[in-house]
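# Topology and contacts: notes
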Amino acid sequence: MHQAWLCKDITNRKLVIVRPGVVFGAGEGGNVSRLIKATLKNSFYMGNRDTRKAGVYVKELCNAMIWVLNNKTSNGFALFNMSMNPDLQYKSMFK
């Protein structure tokens, strides 16, 4: 559907499809906020502390999208995955 939209006016349109990990940032109130609150209260149980979570800070995600729009669209199209490197490993939170 999105690529069909792009093809209708390829010279004047750009399409960036982004597949981020968990997006977090100030006021996010979702999974990352709940994880942090539970960890601080010592009420979070993680069965496997080797679990890793791919995520990205919202401002970095926006910066990457803008950069791709301005620099790396081929025929007006770009597709990319995004997460921090290194990713968050739960056992590092429980020392």
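Since the model is a prediction, treat every value here as computed from it, not as a measurement.

### A word on the overall build of the chain
Across its full length, the chain carries 3 helices and 6 strands. Starting at the N terminus, the α and β elements of the chain follow one another as α-β-β-α-β-β-α-β-β. For the chain, the proportion of its 95 residues judged to be buried stands at 24%. A sequence separation of at least 24 residues applies to 80% of the contacts in the chain between residues at least 6 apart. Surface exposure of the chain reaches about 7,100 Å², of which carbon and sulfur atoms provide 54%.

### Comments concerning helix H3 (residues 58-71)
Helix length check: H3, at 14 residues, gives a terminal C-alpha distance of 20 Å against a target of 20 Å (1.5 Å per residue), a fit within 8%. Where H3 is buried, its residues meet strand E1 (15-20), strand E2 (22-24), strand E4 (55-57) and strand E5 (77-82).

### Quick word on the environment of Glu60
Tracing the backbone shows Glu60 in helix H3. Residue classification places Glu60 among the partly exposed residues on the basis of a relative accessible area of 45%. Through-space distance from the C-alpha of Glu60 to that of Met82 is 9.4 Å; in sequence the pair is 22 residues apart.

### Some details on helix H2 (residues 31-40)
Every α-helix winds through 3.6 residues per turn, so residues three or four apart in the chain are directed the same way. Residues of H2 that are buried: Ser33, Leu35, Ala38 and Thr39. Within two residues after H2, Asn42 carries a phi angle of roughly 60°, on the positive side.

The rules behind the values
- Residues numbered from 1 in each chain as written.
- Predicted model: local features only at pLDDT ≥ 70, side-chain atom pairs only at ≥ 80, totals over all residues.
- Heavy atoms only, no water.
- Helix = DSSP H or I, 4+ residues; strand = E, 2+ residues; numbered from the N terminus.
- Buried < 20%, exposed > 50% of the residue type's maximum accessible area, 1.4 Å probe, protein only.
- Contact = heavy atoms within 4.5 Å.
- Areas by Shrake-Rupley, 256 points an atom, 1.4 Å probe, with all protein chains shown as cover.
- Expected span 1.5 Å × (residues − 1).

So, to be careful, I would describe these as geometric facts and stop short of saying anything about function.
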